Amino acid sequence: MKLTSAFLLILLCATAVSGQTALRLYTLNPDLLQKSKARLTPQDPALIALRNEADKTLKTAPLSVTQKERTPPSGDKHDYLSLAPYWWPNPQGKDGLPYLRRDGETNPDSKRGTDANAIGALGNAVEALSLAYYFTGEARYAERAALFIRTWFLAPATKMNPHFRYAQAVLGHDEGRGAGLIESRHFIQIVNSVGLLAGSTAWTTKDQQALVAWFRAFANWMQTSANGKDEAKAKNNHGSWYAAQLASFALFSGDEALARQTVEAAKSRIAAQFEPDGQQPEELQRTRGLWYAGFNLEALLHLAEPGRMLGVDLYGFQTKDGRGLQRGVDYLAPYADPATKWPHQQINELASARRELAYVLRRAALAYHEPKYEEALNKHLAGEVAQQRWQLLWPQCAWDEGVIKPKGCF
């Protein structure tokens, strides 16, 4: 379906890069990026970290699915391949088969010889380069970002086939699962990054058309394949990330109707995932409950941005008995304080879980104009997250005029 004139108007009004070309973003807010750019100084810790990473990436080779050591069951290395991370060899089975699940415990062998590490590295590299271009205007960053994107998605010798048939396979069980689509969430960084390259000669109209066709095919596979349909029905963070991806890819490829349908359907997802007090039962039963609760909120906050563009308010959505995203944030917010004991499981990566919570608090502070979220972040987590990239994407204290600012905001 072609974009309506109203939706095109939203995109064209989205703010300009260096006063030239409008930003087309999907899970980011162009207005906040512009505020961030206007307020940054060369000494900003997050900007320094971003430039260091972008400079390092300038010296690294582009990534491709064809570089992996293992070969997918299809025999075609252009097919994405990964192994389920929480599955381990069966000590009682022949050759360790069938594998057994140990929730929250990553089998290091699942990362060897597959595309699992590369896809995350791709998303981070392209985002770092495109943001470095946006904030500095230096063409070398845009040129490298475009090369990375073409290599993974477009170049005939190295491009990925647009499906995830062999993602998160479980040895002794299957060749791939719907759950593998959690890994393609890194592609959201790609479509946003293409928007950040606006105004650069490094990314051509031909590139754009080819990448739109790729994501249209991938979104179609998500909706029609058995694995994609399974993931769409997931009741936990997997279903949330599926929806965030589908809405973003639909907007990127010009299907406003699909994006709107996906965002609207998320209201039922939110109603089912949250309790009236903000607890998320599907996430809290996991062995890494704090991390997964924050991770699911991250997905739904991502999805709320396409909703904002389309006039569908997921930020403010609430059922009659109070289930909604803000209640979810309110439930987690007290655990920003390390002195407050987490009452559920968190077997490892507590520091990572608290960084996830810091991100959620910043997003909530901006979405709800609520000082208490920013104050909790500043009091308990500021030192741990000062260099995080999201400090640039969702800048501190980018409040509307007339809103009372938390202490420490400029």
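This is a predicted model, so every value here is computed, not measured.

> How do you make sense of the packing of aromatic side chains when you look at a structure like this?
Two aromatic rings, taken as a pair, are described by how far apart their centres are and by the angle between their planes. One pass over the full model with this rule turns up 25 aromatic pairs. Seen in terms of ring centroids, F218 and F249 are 6.0 Å apart; in terms of plane orientation they differ by 65°. Their pairing is edge-to-face. With F218 in helix 7 (residues 205-224) and F249 in helix 9 (residues 237-252), the pair connects residues that are 31 residues apart, well separated along the chain. Residue F218 shares its accessibility class with F249, and that shared class is buried. Aromatic side chains Y335 and W342 sit 4.9 Å apart centroid to centroid with 90° between the ring planes, which places their arrangement in the edge-to-face category. Assessed through its relative accessible area of 14%, Y335 is described here as buried. Overall, the relative accessible area of 13% leaves W342 in the buried class.

> What is the right way to read the side chain of D207 from this model?
Position of D207 relative to the elements: it lies in helix 7. For D207, the contacting residues outside a window of four places in its chain are R150, L154 and A202.

> For this particular structure, what's the right way to read the pattern of salt bridges?
Counted under the stated rule, the structure contains 22 salt bridges. The salt bridge involving D55 is made with R140; its shortest N-O contact spans 3.5 Å. With a gap of 85 residues between them, D55 in helix 3 (residues 45-58) and R140 in helix 5 (residues 139-154) connect regions that are remote in the sequence. The closest approach of N and O atoms between R150 and D207, which form a salt bridge, is 2.9 Å. With R150 in helix 5 and D207 in helix 7, the pair connects residues that are 57 residues apart, well separated along the chain. Under the relative-accessibility criterion, D207 is labelled buried at 9%. Shared partners join several salt bridges into a network, and the residues in it are R51, D55, E138 and R140.

Conventions adopted
- Each chain carries its own residue numbering, running from 1 in the direction its sequence is written.
- Reporting of local features is limited, given that this is a predicted model, to residues whose pLDDT is at least 70; pairs of side-chain atoms are given and counted only at 80 or more, and all residues count toward the totals for whole chains, interfaces and linings.
- Based on all heavy atoms of the structure, the side-chain values leave hydrogens and waters out of the count.
- Any two of the Phe, Tyr and Trp rings considered here, Trp counted by its six-membered ring, make a pair once their centres fall within 6.5 Å; the pair's planes then place it as stacked at under 30 degrees, edge-to-face at over 60, or tilted in between.
- Where helices and strands are cited, they refer to DSSP runs of H or I of at least four residues and of E of at least two residues respectively, numbered from the N terminus.
- Only protein chains enter the accessibility calculation, which uses a 1.4 Å probe; a residue is then buried when its area is under 20% of its type maximum, exposed when over 50%, and partly exposed in between.
- We call two residues in contact whenever any of their non-hydrogen atoms come within 4.5 Å of each other.
- Any Lys or Arg side-chain nitrogen found within 4 Å of a carboxyl oxygen on Asp or Glu counts as a salt bridge.

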